[in-house]
Amino acid sequence: MPDVMKTLLLNPPSFENFDGGASSRWPATREIESYWYPVWLTYPAGMIPGSRLLDASPAKVNWQQTVEISKDYEFLVLFTSTVGFDSDVKLIRKIKEVNPSLKIAFVGPHGHIKPDETLKASEDIEFVTRGEFDHSVVEYAHGKPLSEILSVSYRKDGKIVHNAERPQLHTAELDALPFATDIYKRDLKIENYNVPFLLQPFVSFYTTRGCPALCTFCMWPQTISGHAWRTRSTENVAREVKQAIEYFPQMKEIFFDDDTFNIRKDRVLDLCQKFKPLKFRWSSTARVHSDYETLKGMADAGARLFIVGFESGDPQILKNIKKGATVEMARTFMKNCRKVGIRVHGDFIIGLPGETRETIQKTIDFAKELDCETIQVSLAHAMPGTELHDSMSKQGFLRVEALADSGGHQLPHIEYPHLSKAEMMGGVNRFYDDYYFRPNVVCRIVREALWDGNERKRLYHEAVDFLKLRSERWKWVREGGDIDKPMIAVPAPPSASGND
């Protein structure tokens with residue numbers, strides 16, 4: 001084996017326009033075409049000399065082109081998802097047909113949750129990683145035997161072996177990782193990355209890993225990153241910000257894509273003090289816990305927008321999902337954000353435990369009261385490996401064994417005796433209609449577009465995409481959710497597996 005294997009790190013083209021991989025918390029083809037950066041793959045890419053990170057969907061690289069590119073490599077690291085897994089297995093079969101000696105590792109939450117099933121799905125998979133995989137794939141690329149690499153699962157003598165767990169990375173180890181922005185500069189084109197509520201072009205990366213919140217539906221803290229909240233030093237983050245500004249003069253803003261950026265006040269304010277001299281615009285994830293002083297400090301340091309998971313306007317549903325936040329906290333947070341001039345993109349979910357026709361309407365009314373700049377409404381998805389998946393399975397509510405249609409779009413796979421999948425999908429459509437077709441919201445969107453030609457062009461394309469999918473969803477609802485479409489299957493609930 002060579003000193004360093006020639007390595008391709010791949011966020012695969014599971015579906016056309018699919019945002020399913022290496023930092024997407026909710027793998028799906030979006031209502032409006034959009035892509036998050038493949039942040040998780042950048043760290044090993046930066047530690048393997050001669051490697052390449054290929055983010056296929058935003059680069060418009062299809063299956064055939066991916067197969068052709070893979071001919072030139074010795075080691076493939078593929079970030080898979082539950083939704084895209086079957087497609088990814090078919091893809092590597094095609095790749096192995098033209099490059100039989102290629103070694104392939106599957107990384108990401110799906111393999112972490114179900115390493116045995118992942119390996120059994122294809123003999124083409126050499127090994128699967130569990131948990132954070134920064135160093136696991138790097139060690140393999142440098143020639144370390146699988147038997148000596150922590151947190152990997154592989155076949156040996158006809159049996160599947162699960163090596164011991166690797167300790168999570170903390171501040172010193174996180175600071176020692178390469179900057180994600182080095183790999184963006186080397187391998188990616190930032191203009192390919194579009195998220196409707198962020199300024200274009202943008203750059204995003206993490207300042208922390210893990211999330212102490214216990215939300216039952218959230219995939220990352222229950223799979224790859226864990227609940228232990230681990231931080232990069234504020235000095236290290238500021239250095240990467242400065243580098244990003246130098247690398248990408250065309251960049252309009254930086255997005256801090258942490259699971260929870262604002263969880264600790266003293267760290268947020270320390271970062272803000274370091275951000276101020278750099279004079280740049282930024283946005284981030286946020287929970288509704290920050291007080292006025294913290295929000296004012298963030299605004300003064302350049303904060304423009306927060307992504308906030310409000311989820312529901314029903315207090316009992318928030319308790320059911322262990323959100324750790326209340327509707328009153330949300331109201332206070334929004335009031336303070338308006339005072340300091342920070343915009344909010346609100347995320348809401350239809351179909352969580354306790355959902356009824358009445359709570360759907362309550363959440364729509366709550367969203368209109370909050371009046372966020374923009375919203376996203378998702379169907380509740382019980383992703384394998386989450387507490388929500390286990391509880392819905394045990395209660396018999398995972399009656400529709402599908403996460404998405406054959407194009408990667410969300411379909412409901414939770415159904416309650418009192419609330420059908422068609423009613424929930426109809427609730428999503430009605431939520432969007434009731435929210436966005438209000439005169440004040442239409443005026444707000446048009447006013448923004450009037451002053452920016454690029455914004456007008458983007459808004460037009462987004463509107464066309466959204467209205468097309470909206471029409472398809474209403475058709476699905478009218479036909480009772482039984483329209484004949486291929487489905488992507490949900491695996492059975494995860495079972496515990498020990499070390500062999």
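Higher on the page you've got the structure.
Residue numbers here run from 1 along each chain, matching the order of that chain's written sequence. It should be noted that, the model being predicted, local features are given only for residues of pLDDT at least 70 and side-chain atom pairs only at 80 or more, the latter also being counted only at that level, while totals for whole chains, interfaces and linings use all residues. The side-chain values count all of the structure's non-hydrogen atoms but skip hydrogen atoms and water molecules.

### Things to note about the overall build of the protein
Secondary structure follows DSSP: runs of H or I at least 4 residues long count as helices, runs of E at least 2 residues long count as strands, and numbering of each begins at the N terminus. The helix and strand inventory of the protein stands at 19 helices and 19 strands. Accessible area is worked out with a 1.4 Å probe on protein chains only. A residue is then buried under 20% of its type maximum, exposed over 50%, and partly exposed in between. When each of the 500 residues of the protein is scored for burial, the buried share is 59%. Looking at the protein alone, contacts between residues at least 24 apart form 73% of all its contacts between residues at least 6 apart. Reported accessibility uses the Shrake-Rupley method at a 1.4 Å probe radius. Residues are deemed covered only where the shown protein chains occlude them. Accessible area of the protein: about 19,900 Å², with a carbon and sulfur share of 53%. We call two residues in contact when some of their heavy atoms are within 4.5 Å.

### Describing the sheet that holds strand E17 (residues 374-379)
Strand pairing is assigned whenever DSSP identifies at least 2 bridges connecting the two strands. Ordered in space as E10-E13-E14-E15-E16-E17, the six strands form an open sheet in which the pairing is parallel. The two strands at the open ends of the sheet, each matched to only one other strand, are strand E10 (202-205) and E17. Neighbour-to-neighbour, the strand axes of the sheet open up by a mean angle of 20°, direction not taken into account. Sheet analysis places strand E13 (residues 253-256) next to strand E14 (residues 282-286), joined by three bridges and oriented parallel. Throughout, an axis means a line fitted to C-alpha atoms (over the contacting stretch in the case of helices), and angles, computed between N-to-C directions, take values from 0 to 180 degrees.

### Quick look at the sheet that holds strand E8 (residues 152-156)
The strand order across the open sheet formed by seven strands is E4-E1-E5-E6-E7-E8-E9, and the pairing between neighbours is mixed. The sheet terminates laterally at strand E4 (52-55) and strand E9 (159-162), the two strands that pair on one side only. Strand-to-strand, the axes of this sheet are offset by a mean angle of 20°, without reference to chain direction. Examined bridge by bridge, strand E7 (residues 127-129) and E8 share three bridges and lie antiparallel to one another. Counterpart to Thr-129 in the pairing with E8 is Val-152. Contacts from helix H1 (residues 39-47) reach strand E1 (7-11), E4, strand E5 (75-79) and strand E6 (103-107), with the element oriented near 175° to E1.

### Quick look at the packing of aromatic side chains
The geometry of an aromatic ring pair is captured by two quantities: the separation of the ring centres and the angle between the planes. Here is the rule: rings of Phe, Tyr and Trp (six-membered ring for Trp) pair when centre to centre is within 6.5 Å. Planes less than 30 degrees apart are stacked, more than 60 are edge-to-face, and the remainder are tilted. Enumeration according to the criterion identifies 29 aromatic pairs in this entry. A centroid spacing of 5.6 Å and a plane angle of 85° characterise the contact between Phe-205 and Phe-256, whose relative ring orientation is edge-to-face. Residue Phe-205 is found in strand E10, and its partner Phe-256 is found in strand E13; the two are separated by 51 residues along the sequence. This pair shows no difference in class: Phe-205 is buried, exactly as Phe-256 is. Feature note: the residues Trp-36, Tyr-37, Tyr-184, Tyr-193, Phe-197, Phe-202 and Phe-255 constitute an aromatic cluster, connected by ring pairs. The side chain of Arg-209 reaches across the aromatic face of Tyr-43, ending 5.1 Å from its centre. Consider the ring centre and the ring normal. A charge sits over the ring if Lys NZ or Arg CZ is within 6 Å of that centre and within 35 degrees of that normal. Lying over the aromatic face of Tyr-435, Arg-438 brings its terminal NZ or CZ to 4.4 Å of the ring centre.

### Notes on the pairing of E9
As paired elements, E8 and E9 share four bridges and run antiparallel to each other. Counterpart to Lys-156 in the pairing with E9 is Lys-159. As consecutive antiparallel partners, E8 and E9 are separated by two residues, and within that stretch Asp-157 has a phi angle of approximately 55°, a positive value.

### Quick notes on helix H11 (residues 265-275)
Along H11, the residues that are buried comprise Arg-267, Val-268, Leu-271, Cys-272 and Phe-275. Relative to the axis of H11, the buried residues are bounded by an arc of 140° and lie together on one face. Turning to H11, the residues buried within the fold contact strand E11 (208-209), strand E12 (230-231), helix H10 (234-247), E13, E14 and helix H12 (292-300). To be clear, the arc concerns the directions from the helix axis to the C-beta atoms.

### A word on the nonpolar core
Residues belong to one nonpolar core when they are buried, are Ala, Val, Leu, Ile, Met, Phe, Trp, Tyr or Cys, and are joined through side-chain atoms within 4.5 Å. Counting 123 residues, the largest nonpolar core has Phe-256, Phe-275, Trp-282, Met-298 and Phe-310 as the members making the most contacts within it. Residues within four places of Phe-256 in sequence aside, it is in contact with Phe-205, Thr-207, Val-237, Val-241, Phe-261, Phe-275, Phe-280, Trp-282, Ser-283, Ser-284 and Thr-285. Counting residues in hydrophobic clusters, the runner-up holds 22 residues, among them Leu-10, Ile-92, Ile-104 and Ile-160.

### Some remarks on the pattern of salt bridges
By definition here, a salt bridge exists when the distance from a side-chain nitrogen of Lys or Arg to a carboxyl oxygen of Asp or Glu is within 4 Å. If you walk through the whole model with that rule in mind, you get 31 salt bridges. Glu-68 is the salt-bridge partner of Lys-71, the closest N and O atoms lying 3.0 Å from each other. Given the relative accessible area of 46%, Glu-68 is considered partly exposed. Taken together, the shared-partner salt bridges connect Glu-132, Asp-134, Arg-209 and Arg-230 into one network.

### Re the packing of helix H8 (residues 180-187) against H10
Remark: H8 packs on H10, axes separated minimally by 9 Å, with the N-to-C direction vectors making an angle of 15°. Judged by the inter-axis angle, H8 sits roughly parallel to H10. Considering the relative orientation of H8 and H10, their crossing is left-handed. Packed against H8, whose contacting residues are Ala-180, Thr-181, Asp-182 and Lys-185, the element H10 presents Glu-240, Gln-243, Ala-244 and Tyr-247 at the interface. Put simply, Ala, Val, Leu, Ile, Met, Phe, Trp, Tyr, Cys and Pro go in the nonpolar bin, Asp, Glu, Lys and Arg in the charged bin, and everything else, Gly too, in the polar bin. Tallied by class, the residues present in the contact of H8 with H10 amount to three nonpolar, two polar and three charged. Angle categories: roughly parallel below 35 degrees, roughly antiparallel above 145, roughly perpendicular from 65 to 115, and oblique for all the rest. By definition, any crossing whose near helix is turned counterclockwise from its far helix by less than a right angle is left-handed, and any crossing with a clockwise turn is right-handed.

### Observations regarding the pairing of E14
With five of five residues buried, E14 lies mostly within the body of the structure. The β-α-β motif built from E13, the intervening H11 and the parallel element E14 has right-handed crossover chirality. Note that E14 and strand E15 (residues 303-311) share five bridges and pair parallel. For Ser-283, the partnering residue across the bridge sits in E15 and is Leu-305. Clockwise travel from the first strand over the helix to the second, with the strands pointing away from the viewer, marks a crossover as right-handed. Once you follow E14 into H12 and on to E15, the crossover reads as right-handed.

So far we have only geometry, and geometry alone does not tell us how the molecule works.
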